[in-house]
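Summary of structural features
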Amino acid sequence: MTTRKSYIAELDDITLNVEKMGLLLEVMINKVIKALSETDAELAKAIMEQDDEMDCLERETEKACIRIVAKQQPVATDLRRVTSIMRLIADIERIADHCSDISEYIIELAKEDPVPMPEGVTQMIDAMKKMVNMTIQCFIKEDVWPIEKIIAMDDTVDDYFFQIKDELCVAMKHKPEAIKAYTDYLLIVKYVERMADHSTNIAEWVSFIVTGDLEQYLN
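Just so it is clear, the model here is predicted, and its values are computed rather than measured.

Within the protein chain, the regular secondary structure consists of 6 helices and 0 strands. If you list the helices and strands of the protein chain from N to C, you get α-α-α-α-α-α. For the C-alpha atoms alone, the extent of the protein chain along its principal axes is close to 70 × 35 × 20 Å. When contacts within the protein chain are restricted to residue pairs at least 6 apart in sequence, those whose partners lie at least 24 apart make up 83%. Element-wise, carbon and sulfur atoms account for 53% of the exposed surface of the protein chain, whose accessible area totals about 11000 Å². Looking at charge distribution, the protein chain has the averaged site of its 25 positive side-chain charges lying 4 Å from that of its 43 negative ones.

Laid out in structure tokens, this is it:
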């Protein structure tokens, strides 16, 4: 294999690894939704174990990026792609971490007397999941048109968070014996809100890979 072909193959492998991370993340989020809706502690434990797989993929991809920069010294578009991938895989890994964080609280909820899931949690998670799915597709297809929509959806997730937080505060006052469970739900929705933030970050890095324009997102 020529040096150029080897270089292209390395870039392709890095891209493939990012796609693997994205697809694994979608699987983890789907499991979180199921575990939360059913208060399934065993599934929550399995999600936490799966986070280790994501960590390995991130380290492997990061090392590949560092190796290609050190050995091949990419320039222009290729350098932008590799450095941006190093940033966005960190966000993917953080979303996976939050899946694990949420799973810890699902396990705690399973120990408590059951309380109804707060209104809006399902819709909030669905909105976050859609953001993640759209973001991964943007990377795979190198398509930037949905990115503004993804960023706007982050505001929707934020609105759900503040609404649910207020409702939980009221619920704690009326049912103090369930404060532990309500606190667990509050921490869960905070992690969902952070997952949406990380999804927005990924979308912005994808846009930079494709267009080379990052200034539009800097405040």
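A few words now on the UniProt feature "domain: PhoU" (unreviewed entry) in the protein chain. Mapped onto the present numbering, the UniProt feature "domain: PhoU" (unreviewed entry) falls on residues 18-106 and 121-206. Secondary structure over residues 18-106 splits into 94% helix and 0% strand, and the C-alpha atoms at its two ends are 28 Å apart. In the segment residues 121-206, helix accounts for 90% and strand for 0%; the C-alpha atoms at its two ends are 28 Å apart.

Another point: the nonpolar core. Membership of the largest hydrophobic core comes to 70 residues, with the highest contact counts inside it found for Leu25, Leu88, Ile92 and Met128. Every element with two or more residues in this core is listed here: α1 (3-38), α2 (41-72), α3 (76-111), α4 (121-141), α5 (147-174) and α6 (179-211). Take this core: its biggest share by element is 15 residues, from α6. The contacts of leucine 25, once residues within four sequence positions are left out, are Met54, Ile92, Ile95, Ala96, Cys99 and Val132.

For the rest of this paragraph, the subject is α6. Since the α-helix advances by 3.6 residues per turn, residues separated by three or four positions end up pointing in the same direction. With 33 residues, α6 should reach 48 Å at 1.5 Å per residue; the first-to-last C-alpha distance of 48 Å fits that figure. Glycine 212, located one to two residues past α6, shows a positive phi value of around 80 degrees.

Residue threonine 39 is not a glycine yet carries a positive backbone phi of 45 degrees. The backbone phi angle of glutamine 73 is positive, close to 50 degrees, even though this residue is not glycine. For glutamine 73, the position within the fold is in the loop between α2 and α3. Relative accessible area serves as the criterion here: at 61%, glutamine 73 is assigned to the exposed category.

On to the packing of aromatic side chains, then. With the rule as written, the count across this model stands at 3 aromatic pairs. When the ring of tyrosine 105 is compared with that of tyrosine 191, the centres are 6.3 Å apart and the planes differ by 35 degrees; the resulting orientation is tilted. Highlighted residues: tyrosine 105 in helix α3 and tyrosine 191 in helix α6, separated in sequence by 86 residues. On the basis of relative accessibility, which here comes to 15%, the residue tyrosine 191 falls in the buried class. Across the ring face of phenylalanine 208, the terminal group of arginine 80 is positioned such that the distance to the ring centre comes to 5.9 Å. One Lys or Arg, lysine 190, reaches over the ring of phenylalanine 161 and ends 5.0 Å from the middle of that ring.

How each quantity is defined
- Counting restarts for each chain: residues are numbered from 1 in the order of the written sequence.
- With pLDDT at 70 or above as the cut-off, local features in this predicted model cover only qualifying residues; side-chain atom pairs require 80 or more to be listed or tallied, and sums for whole chains, interfaces and linings still use all residues.
- Values reported for side chains reflect all heavy atoms of the structure, with hydrogen atoms and water molecules removed beforehand.
- Runs of E in the DSSP output that reach at least two residues are strands. Runs of H or I that reach at least four are helices, and both are numbered from the N terminus.
- Contacts are residue-level and defined by heavy atoms, with any inter-residue pair within 4.5 Å sufficient.
- Here the accessible surface of atoms and residues is derived via Shrake-Rupley with a 1.4 Å probe, and residues count as covered only by protein chains that are part of the display.
- Under this rule, positive means Lys or Arg and negative means Asp or Glu; His and the chain ends count for nothing.
- A single reference atom marks each charge: NZ on Lys, CZ on Arg, CG on Asp, CD on Glu.
- UniProt positions are given in the numbering used here, feature names are shortened, and annotations may be inferred rather than shown by experiment.
- Nonpolar cores were defined as sets of buried Ala, Val, Leu, Ile, Met, Phe, Trp, Tyr and Cys residues, with membership established by side-chain atoms within 4.5 Å.
- Note on exposure labels: buried denotes an accessible area under 20% of the residue type's maximum, exposed denotes more than 50%, and partly exposed covers the range between, all computed with a 1.4 Å probe on protein chains only.
- The span expected for a helix works out to 1.5 Å for each residue beyond the first.
- Stacked, edge-to-face and tilted labels apply to pairs of Phe, Tyr and Trp rings (six-membered ring for Trp) whose centres lie within 6.5 Å, assigned for plane angles under 30 degrees, over 60, and everything in between, in that order.
- Placement of a charge over a ring requires the Lys NZ or Arg CZ to be within 6 Å of the ring centre, with the centre-to-atom vector within 35 degrees of the ring normal.

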